[in-house]
Amino acid sequence: MPEYQPGSCNIGHAERRKRYLSGVTGFAVAALLVVAVATLHADPAWLLAAVAPLFVGFLGVLQARAKFCVGYAMAGVYDVTVTGGNREAAPEAGQRADRKRAIVLSLKALAAATVVALALYAAAGPLS
């Protein structure tokens with residue numbers, strides 16, 4: 001069982017699994033958007049809306065891989081139990097490191113989502 005490590009690990013196995021599921025869901029919604037735009041011959045600019053579900057996808061996967069929850073960090077809690085559902089208040093000394101890591105992971109997810117959405121849009125340009 002992992003232990004709470006400020007700025008490094010604030011979730012256990014059950015919580016990691018939830019983050020992977022949210023990531024897969026985000027990517028699936030983005031894929032559905034791409035399919036809808038292609039099927040309906042919609043304006044490729046709609047592909048830029050994929051940045052939102054892609055952000056959810058990337059953030060979920062990044063959190064799961066890092067054993068770190070952005071939401072928990074911002075709330076000042078952690079849950080490293082195997083089964084989940086046992087949030088505890090993070091020590092005040094560790095909350096700053098947790099929030100810094102949360103911001104970094106969020107920015108990485110936003111950057112990745114933006115790059116992929118722009119690439120989808122650019123690739124769809126010649127098709128319209």
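Structure report, in brief. (Residues numbered from 1 in each chain as written. Predicted model: local features only at pLDDT ≥ 70, side-chain atom pairs only at ≥ 80, totals over all residues. Heavy atoms only, no water.)

**A short note on the overall build of the protein chain**
Then comes step 1: The helix and strand inventory of the protein chain stands at four helices and two strands.
Then comes step 2: Counting from the amino terminus, the protein chain carries its helices and strands in the arrangement α-α-α-β-β-α.
Then comes step 3: Considered along the principal axes of its C-alpha atoms, the protein chain spans approximately 55 × 25 × 20 Å.
Then comes step 4: In the protein chain, which comprises 128 residues, the proportion classed as buried is 37%.
Then comes step 5: The contacts in the protein chain between residues at least 6 apart in sequence include a share of 77% that link residues at least 24 apart.
Then comes step 6: Total accessible area on the protein chain is roughly 7400 Å²; 67% of this is exposed by carbon and sulfur atoms.
Then comes step 7: Looking at the protein chain, you have 12 positive and 7 negative side-chain charges, and the mean spots of the two groups are 6 Å apart. (Helix = DSSP H or I, 4+ residues; strand = E, 2+ residues; numbered from the N terminus. Buried < 20%, exposed > 50% of the residue type's maximum accessible area, 1.4 Å probe, protein only. Contact = heavy atoms within 4.5 Å. Areas by Shrake-Rupley, 256 points an atom, 1.4 Å probe, with all protein chains shown as cover. Lys, Arg positive; Asp, Glu negative; His and termini not counted. Charge placed at Lys NZ, Arg CZ, Asp CG, Glu CD.)

**Re the environment of V80**
Then comes step 1: Considering the arrangement of structural elements, one finds V80 in the loop between strand 1 (77–78) and strand 2 (88–89).
Then comes step 2: A sequence separation of 25 residues divides V80 from F55, and the C-alpha atoms of the two residues are 24 Å apart.

**With respect to the side chain of D98**
Then comes step 1: With respect to the helices and strands, D98 occurs in helix 4 (residues 92–124).
Then comes step 2: Despite its burial, D98 pairs with no opposite charge, the nearest such side chain being R101 at 7.8 Å.
Then comes step 3: Look past the residues within four positions of D98 in its chain and what remains in contact with it is Y4, Q5, P6, G7, F68, A73 and A90. (Salt bridge = Lys/Arg side-chain N within 4 Å of Asp/Glu carboxyl O.)

**Side note on unusual backbone geometry**
Then comes step 1: Phi angles above zero are rare outside glycine, and H41 is one such case at about 50°.
Then comes step 2: Following the sequence through the fold, H41 ends up in the loop between helix 1 (13–40) and helix 2 (51–66).
Then comes step 3: A positive phi angle, close to 55°, is found at K67, a residue other than glycine.
Then comes step 4: Looking at the element boundaries, K67 is found in the loop between helix 2 and helix 3 (70–75).

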